[in-house]
Amino acid sequence: MDAQRVATEGVIDREIRIRARPETVFSFWTDPTKMARWMGRDVRLDPRPGGELRIDYNGSDIAVGAFVEVEPPRRIVLTWGWEAPGDATPPGASRVEVDFVPDGDETILRLRHTGLVAEAVEGHSEGWDHFLRELVEAAGG
Amino acid sequence: MMDATLQALADPRRRQILALVRGRELAAGQIASQFDVTRPAISQHLTVLRNAGLISERRAGTRRLYRARPSGIAELRAWLEEFWDDGLARLQRAAEQEEASGRTTGGD
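Throughout what follows, the structure given in this document is the object of discussion. (Residues numbered from 1 in each chain as written. Chains lettered and ligands numbered in written order. Predicted model: local features only at pLDDT ≥ 70, side-chain atom pairs only at ≥ 80, totals over all residues. Heavy atoms only, no water.)

Attention shifts here to the overall build of chain B. In terms of helices and strands, chain B carries five helices and three strands. For chain B, the N- to C-terminal ordering of α and β elements is α-α-β-α-α-β-β-α. Taken across its 108 residues, chain B has 39% of its residues classed as buried. Within chain B, residue pairs in contact and separated by at least 24 positions form 55% of the contacts whose partners lie at least 6 positions apart. (Helix = DSSP H or I, 4+ residues; strand = E, 2+ residues; numbered from the N terminus. Buried < 20%, exposed > 50% of the residue type's maximum accessible area, 1.4 Å probe, protein only. Contact = heavy atoms within 4.5 Å.)

On to the overall build of chain A, then. From N to C terminus, chain A includes five helices and seven strands. Tracing chain A from N to C terminus, the helices and strands come up as α-β-α-α-β-β-β-β-β-β-α-α. The buried share of chain A, reckoned over its 141 residues, is 48%. Within chain A, contacts between residues separated by at least 24 positions form 39% of all contacts whose residues are at least 6 apart in sequence. Roughly 6700 Å² of accessible area belongs to chain A as shown, and the carbon and sulfur atoms make up 47% of that amount. (Areas by Shrake-Rupley, 256 points an atom, 1.4 Å probe, with all protein chains shown as cover.)

What follows covers the packing of helix α2 (residues 12-20) of chain B against helix α4 (residues 39-51) of chain B. If you want to describe how two helices pack, look at the angle between their axes and the distance between the axes. Residues and elements named next belong to chain B. In the contact formed by α2 and α4, the axes pass within 10 Å of each other and the chain directions differ by 75°. As the angle between them shows, α2 and α4 are arranged roughly perpendicular. The residues of α4 that touch α2, namely those facing R13, R14 and I17, are I42, H45, L46, V48 and L49. Looking at the contact of α2 with α4, its residues break down into five nonpolar, one polar and two charged. (Axes fitted to C-alpha atoms, helices over the stretch in contact; angles between N-to-C directions. Parallel < 35°, antiparallel > 145°, perpendicular 65-115°, else oblique. Nonpolar A, V, L, I, M, F, W, Y, C, P; charged D, E, K, R; others polar.)

Quick look at the environment of P47(A) now. Residue and element names in this part refer to chain A. When you line up the elements, P47 lands in the loop between β2 (42-45) and β3 (52-56). Residue classification places P47 among the partly exposed positions, given a relative accessible area of 31%. Distance from P47 to W29, taken between C-alpha atoms, is 8.3 Å for residues 18 residues apart in sequence. Once you skip the residues sitting within four places of it in the chain, P47 turns out to touch T30, F67 and V70.

Okay, the environment of A32(B) next. Residues and elements named next belong to chain B. Position of A32 among the secondary structure elements: in helix α3 (residues 28-32). Using a relative accessible area of 11% as the deciding quantity, one classes A32 as buried. It is 6.1 Å that separates the C-alpha atoms of A32 and I42, two residues lying ten residues apart in sequence. Excluding anything up to four places from it in sequence, A32 contacts R39 and I42.

With that out of the way, let us pick up the side chain of E99(B). For E99(B), the position within the fold is in helix α5 (residues 70-105). Exposure remark for E99(B): the relative accessible area of 4% places this residue in the buried category. When sequence neighbours within four positions are dropped, the list of residues in contact with E99(B) reads R19(A), A20(A), R21(A), T24(A) and D105(A).

Of all the positions in α2(B), only R14(B), R15(B), I17(B), L18(B) and L20(B) are classed as buried. One side-chain oxygen at the N-terminal end of α2(B) lies 2.9 Å from the backbone nitrogen of R13(B); it belongs to D11(B). (Polar contact = N/O pair within 3.5 Å; in protein donor to acceptor, adjacent residues only side chain to side chain.)

This part takes up the pairing of β2(A). Here β2(A) shows one buried face, formed by V43(A) and L45(A), and one open face, formed by D42(A) and R44(A). Hairpin connection of β2(A) to β3(A): six residues between the antiparallel strands, including G50(A) at a positive phi of 90°. (Pairing = 2+ DSSP bridges.)

So, on to the pairing of strand β5 (residues 75-82) of chain A. Residues and elements named next belong to chain A. Within β5, eight of the eight residues are buried, which leaves the element mostly enclosed by the surrounding structure. Taking every second residue as pointing to the same face, both faces of β5 are buried, with R75, V77, T79 and G81 on one and I76, L78, W80 and W82 on the other. Looking at chain direction, strand β4 (residues 62-71) and β5 are connected through six bridges and run antiparallel. In the sheet register, V70 faces β5, and the bridge partner there is I76. Counting the residues that bridge the hairpin from β4 to β5 gives three residues. Here β5 runs beside strand β6 (residues 94-103); their pairing, made up of six bridges, is antiparallel. The residue bridging L78 from the neighbouring strand is V96, located in β6.

The quantities given are spatial measurements derived from coordinates; they are silent on function.
Shown next, in the form of structure tokens:
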């Protein structure tokens, strides 16, 4: 097995160009009404460090998390998990980092989701459990 | 199917078992010897992992041999990637729509 593959197994990286200014794109992560236009059916959030986030997708799939960093209009970091008992990604277990990079009147959005369960399966089980505990504490759980 | 995968992976011991049989085949007894729990408990974990499609089972004489199925993890990863791809595509449309309407009305 190859080390680099192991290290990146539990990470999802995405980059997308949006024809809107960072201020506009950023507001779709911090205004619950706007967020519901692209993610979830019912969104409740408090966009400041330590503030909670709850996204109800369909009445049974509910994502919960907490904001860790809120730096308008450049960067947002939040914890991410699913509310359902026994889910492999419980609240606080994973972390989503979003960077909004201006490019003229447009924005390059970079999203990195780390701490996913695939990472734990790649032989990092102890590290995962430690990470999970730390994040739950950091989230005030 | 995805529920079974997520439920199977929610248990730390099952994640340890899965890591153990990644890239190599081990007998149930060899797996059990790595943990300080009863053999039936390990068998139960192996059943859950097998039902979730995360490991395969093969019989060799009287022994049962287990190995991780990379495709089981790949399915979970694909599900999460699709989750973000769909979400970000919708975000792109909504933000561009808002920006365009802001420009035509001449203000925020």
